[in-house]
Amino acid sequence: MGELIDLEAQRRRRAADQAFARWTRRVGYQPGPDTKLSELPGRVLGDLAELGSEATLALYDLVLGVRGWGAGERFHYLEAKPKVEALDSFLFVADQVRFELMRRLGWVEGVAAEHYPLVDLALYFERIQKEFEPVTPYLTTAYPRYVEVSDRLRVEPAAVVRSLIPQALKAFRQRLSQGM
């Protein structure tokens, strides 16, 4: 009897292989086809959230690799339409990385990245944005200055959450340095 081959699993594995081929060199970790942001080591998540040059290239490796468009360095050489698609995907994934960092701090809940592997976040970002609610996660009362931002939160919740990214990066770095 013949062997049953899961074509979708094969496609995911191939996409992940292309997307993460350089991650070990860039960020010291290589995710698998079904790895979610919540499964990344804290140091790797922190590096990605900082968006330094290697982390940025790693995220571009992801968004280009899942599409079979090559390494992150190729982004600047893409034609206009694929470049816009790659940039939109990159921005979505970068947001999800930072929201996951804030989730680990306990500051937000309702992060899309909790439900989708990295490969899916990069490849199906448009569908995920349309289907997943909330688009921007909810700020929780665990955020240390919640009372100070609560009035603004009712008017512009997405802007408030995004404005906390620099503070979250600092708090996360501090937590990592303390071995947590």
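Just so it is clear, the model here is predicted, and its values are computed rather than measured. (Residues numbered from 1 in each chain as written. Predicted model: local features only at pLDDT ≥ 70, side-chain atom pairs only at ≥ 80, totals over all residues. Heavy atoms only, no water.)

Peer 1: Hey, could you run me through the nonpolar core in this one?
Peer 2: Nonpolar side chains tend toward joint burial in soluble globular proteins. Within the largest apolar cluster, 56 residues are counted, with the highest numbers of intra-cluster contacts made by Trp23, Leu48, Leu62, Met102 and Leu139. By residue number, the principal contributor to this core is helix H5 (residues 80-105), which donates 10 residues. Setting aside chain neighbours within four positions, we find Trp23 in contact with Gly28, Tyr29, Gln30, Pro31, Leu48, Ala58, Leu59, Asp61, Leu62 and Leu118. (Core = buried A, V, L, I, M, F, W, Y, C linked by side-chain atoms within 4.5 Å. Buried < 20%, exposed > 50% of the residue type's maximum accessible area, 1.4 Å probe, protein only. Helix = DSSP H or I, 4+ residues; strand = E, 2+ residues; numbered from the N terminus. Contact = heavy atoms within 4.5 Å.)

Peer 1: Explanation requested: the side chain of Glu100 in the structure shown.
Peer 2: The residue Glu100 is located in helix H5 in this model. Since its relative accessible area comes to 0%, Glu100 is described here as buried.

Peer 1: What's the story with the packing of aromatic side chains in this structure? I'm lost.
Peer 2: Aromatic rings considered in pairs are described by the distance between their centres and by the relative angle of their planes. Taken as a whole and assessed by the stated rule, the structure comprises 5 aromatic pairs. Between Tyr60 and Phe90, the ring centres sit 4.2 Å apart and the planes meet at 5°, which makes this aromatic pair stacked. Placement of Tyr60 in helix H4 (residues 53-65) and of Phe90 in helix H5 is noted, with a sequence separation of 30 residues between them. Each member of the pair, Tyr60 as well as Phe90, is classed as buried. Seen from their ring centres, Trp107 and Tyr143 are 4.9 Å apart, and the 75° between their planes marks the pair as edge-to-face. Here Trp107 is found in the loop between H5 and strand S1 (108-109), whereas its partner Tyr143 is found in the loop between strand S2 (138-139) and helix H8 (146-155), with 36 residues between them in sequence. An aromatic cluster of at least three residues, connected via ring pairs, comprises Tyr60, Phe75 and Phe90. Cation over ring: Arg67 sits above Trp69, and NZ or CZ is 5.7 Å from the ring centre. In this structure, Arg127 is placed above the aromatic ring of Tyr124, and the distance from its NZ or CZ to the ring centre is 5.0 Å. (Phe/Tyr/Trp six-rings, centres within 6.5 Å; stacked < 30°, edge-to-face > 60°. Lys NZ or Arg CZ within 6 Å of the ring centre and 35° of its normal.)

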